Amino acid sequence: MPKVYNWHLGREMDYRFAGGPAKRQFAAVFNINRCIACQTCTMACKSTWTFSPGQELMWWNNVETKPYGGYPQHWDVNILEMQEKANPGGQVWNATQKDPRTAPYGTFEGKTIFETADQINNMVTGYIPPEEDWKAPNIFEDTATNYPKQGVELPEHSGWFFYLQRLCNHCTYPACLAACPRNAIYKREEDGIVLIDEGRCRGYRKCVEACPYKKSMYRPSTRTSEKCIGCYPRVEGSDPLTNGLPMETRCMAGCIGKIRLQGLIQAGADGQWIEDRQNPLYYLVQVEKVALPLYPQFGTQPNIYYIPPRWVPRDYLRQMFGPGVDDAIAKYTNPSRELLAVLQLFRATQEIIFSYKVEPGPKTSEITVAGVKREIYNDTVIGYDSNGKEIVRVHVDEPLIERPAQVTMNTI
Ligand code: SF4
Ligand code: SF4
């Protein structure tokens, strides 16, 4: 079994193929703190790609309420339990020694879903959810753990829930790809998008079984599996709106809560990100480390990163996002001047931002955050496309626009 380097785990791991990482990688950062569960992303995807017969239970993008919700139900609890059973008590992190680039969260000392599989009957540990588990994508929506006490303050609430936005992670080491006996799944070198070749697929559902995030789905009407295609025509720049330049996916572009920022990251042959300090995603993930991968311990090196919710008990979040949670929440709660500016780029444009610059602005206020006094400046952040051309310019202070008292238009 070849060894590959997984920087989320801070170590090498077993994977079916030696090669794999793309030169440019589809990636995104989601700010959980801002999501309002409006499901616009979900419907943008559904109405574009999965509205046909046989796709009724298919939601490539979904937003579920944690801790009780899940699509399919209990997907994460089920795989976590299987992993724990395969390696009792051993699924732990050692966060005492870190390296900013090769082991930013420390080292995962447990076993990945590739390493708990027997490699004879199964390349990956997983399971196929029964049909009932796919039928209620929003069950337990808005269900909190208990009723919060009056006057509870951040950082943690006694009663809590949060929304988790999910789609295919276009993993650097996809479990779906490793499990396919027909070699029908491939990862594109130009953007890292993971696709199923429908002509080769015979519907064995090994990908459905293997994907720990359950983002490969079976379509009974065609007897093949299907999954998120990363809106690749938009990422390729085929949409006329951006004149040939890479554009964000439907779920990203439609986000009402402005929680999503998509990018294309330069990656090396070892799957690590090549330093690109002024790329907003590189900055958020590698420099500030304010956005973290979902269940990195599974071992697929997923490419959707999350700014964790501030109010949720840390043990729960550490299990979900690894040991980087406390630092990430501290940074987000009291952001640096640069971080505050970069956070304004979320949903400021449909074109993919490849680099940014911050221009300093005047001091506008002084506030106290978690007992720390800080000054707020109205800085300007400018986003550039893949050719270095300016595509967006936003300020830290949102403009206040007053409507005229008397409206003469649009009255009936
Ligand atoms: S999230 Fe699942 S379906 Fe998507 S690339 Fe990773 S393993 Fe494959
Ligand atoms: S569109 Fe944005 S705010 Fe609305 S549910 Fe989706 S991720 Fe959350």
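Below or above, wherever it landed, is the structure these notes cover. (Residues numbered from 1 in each chain as written. Chains lettered and ligands numbered in written order. Predicted model: local features only at pLDDT ≥ 70, side-chain atom pairs only at ≥ 80, totals over all residues.)

1. Let's talk about the site of ligand 2
Residues in contact with ligand 2 amount to 15 residues; listed here are only the nearest, C35, C38, C41, C255 and G257. A breakdown of the residues in the shell around ligand 2 according to their chemical character gives nine nonpolar, five polar and one charged. (Near = placed C-beta within 6 Å. Nonpolar A, V, L, I, M, F, W, Y, C, P; charged D, E, K, R; others polar.)

2. Describing the sheet that holds strand 3 (residues 24–31)
Within the open sheet, the four strands sit side by side as 12-3-14-13. Their pairing is mixed. Only two strands of the sheet have a single partner each, and these edge strands are strand 12 (260–266) and strand 13 (292–293). Alignment of strand 3 against strand 12, held across seven bridges, turns out to be antiparallel. For A27, the partnering residue across the bridge sits in strand 12 and is G263. Seen against the sheet, helix 7 (residues 280–287) touches strand 3, strand 12 and strand 14 (304–307) and runs at an angle of roughly 90 degrees to strand 12. (Pairing = 2+ DSSP bridges. Helix = DSSP H or I, 4+ residues; strand = E, 2+ residues; numbered from the N terminus. Contact = placed C-beta atoms within 7 Å. Axes fitted to C-alpha atoms, helices over the stretch in contact; angles between N-to-C directions.)

3. Details of the site of ligand 1
Close contacts around ligand 1 come from 14 residues, with C168, C171, P174, C176 and C211 the closest. Residues of the shell around ligand 1, tallied by class, amount to eight nonpolar, four polar and two charged.

4. What about helix 7?
Residues spaced three or four apart along an α-helix point in a common direction, a consequence of the helix completing one turn every 3.6 residues. Of all the eight residues making up helix 7, seven are buried; the element is thus mostly covered by neighbouring parts of the structure. Looking at the buried side of helix 7, the elements it contacts are strand 3, strand 12, strand 14, helix 10 (337–342) and strand 15 (355–359). Looking one or two places after helix 7, you find K289, whose phi comes out positive at around 55 degrees. (Buried ≥ 20, exposed ≤ 12 C-beta atoms within 10 Å, placed from the backbone.)

5. Section: the sheet that holds strand 15
Reading across from one edge, 15-18-19 is the order of the three strands in this open sheet, with antiparallel pairing throughout. In the strand order of this sheet, the two ends are held by strand 15 and strand 19 (390–395), each with one partner. Within this sheet the neighbouring strands show an average axis-to-axis angle of 20 degrees, counted without direction. Across five bridges, strand 18 (residues 380–384) lies against strand 19 in antiparallel orientation. Its bridge partner being in strand 19, Y384 is matched across the sheet by E390.

6. Re the pairing of strand 4 (residues 62–66)
With four of five residues buried, strand 4 is to be regarded as a mostly interior element. Where strand 4 and strand 7 (residues 162–166) come together, five bridges link them in antiparallel fashion. Within the sheet, the bridge partner assigned to E64 lies in strand 7 and is L164.

7. Let's talk about the environment of A330
For A330, the position within the fold is in helix 9 (residues 325–333). Measuring from C-alpha to C-alpha, the distance between A330 and A253 comes to 28 Å, with 77 residues separating the pair along the chain.

8. Considerations on the environment of F346
Residue placement: F346 occurs in the loop between helix 10 and strand 15. Look past the residues within four positions of F346 in its chain and what remains in contact with it is N31, K258, I259, R260 and L261.

9. Re helix 9
By the burial criterion, the buried members of helix 9 are V325, A328, I329 and Y332. The arc that holds the buried residues of helix 9, viewed along the axis, is 95 degrees, so those residues lie on one side. (Arc of directions from axis to C-beta.)

10. Observations concerning unusual backbone geometry
The omega angle of the peptide bond from K66 to P67 is 15 degrees, so this bond is cis rather than trans. A cis amide bond links Y71 with the next residue in sequence, P72, at an omega value of -5 degrees. The backbone of N243 sits at a positive phi, close to 50 degrees, despite the residue not being glycine. Looking at where N243 falls in the secondary structure, it is placed in the loop between helix 5 (232–235) and helix 6 (250–253). One non-glycine residue with positive phi stands out, namely Y295, at about 45 degrees.

11. Quick word on the pairing of strand 10 (residues 216–219)
Residues S216 and Y218 line one face of strand 10 and the alternating positions M217 and R219 line the opposite face, and both faces are buried. Where strand 10 meets strand 11 (residues 224–227), four bridges bridge the pair, whose relative direction is antiparallel. The partner of S216 across the bridge, within strand 11, is K227. Taking the residues that link successive antiparallel strands as the turn, the strand 10-strand 11 hairpin has four residues, and the phi of R223 there is positive, at about 55 degrees.

12. Quick look at the environment of E132
Along the polypeptide, E132 turns up in the loop between strand 6 (107–108) and strand 7. Residue classification places E132 among the exposed positions, given that 9 C-beta atoms sit within 10 Å. With 60 residues separating them along the chain, E132 and P72 place their C-alpha atoms 8.4 Å apart.

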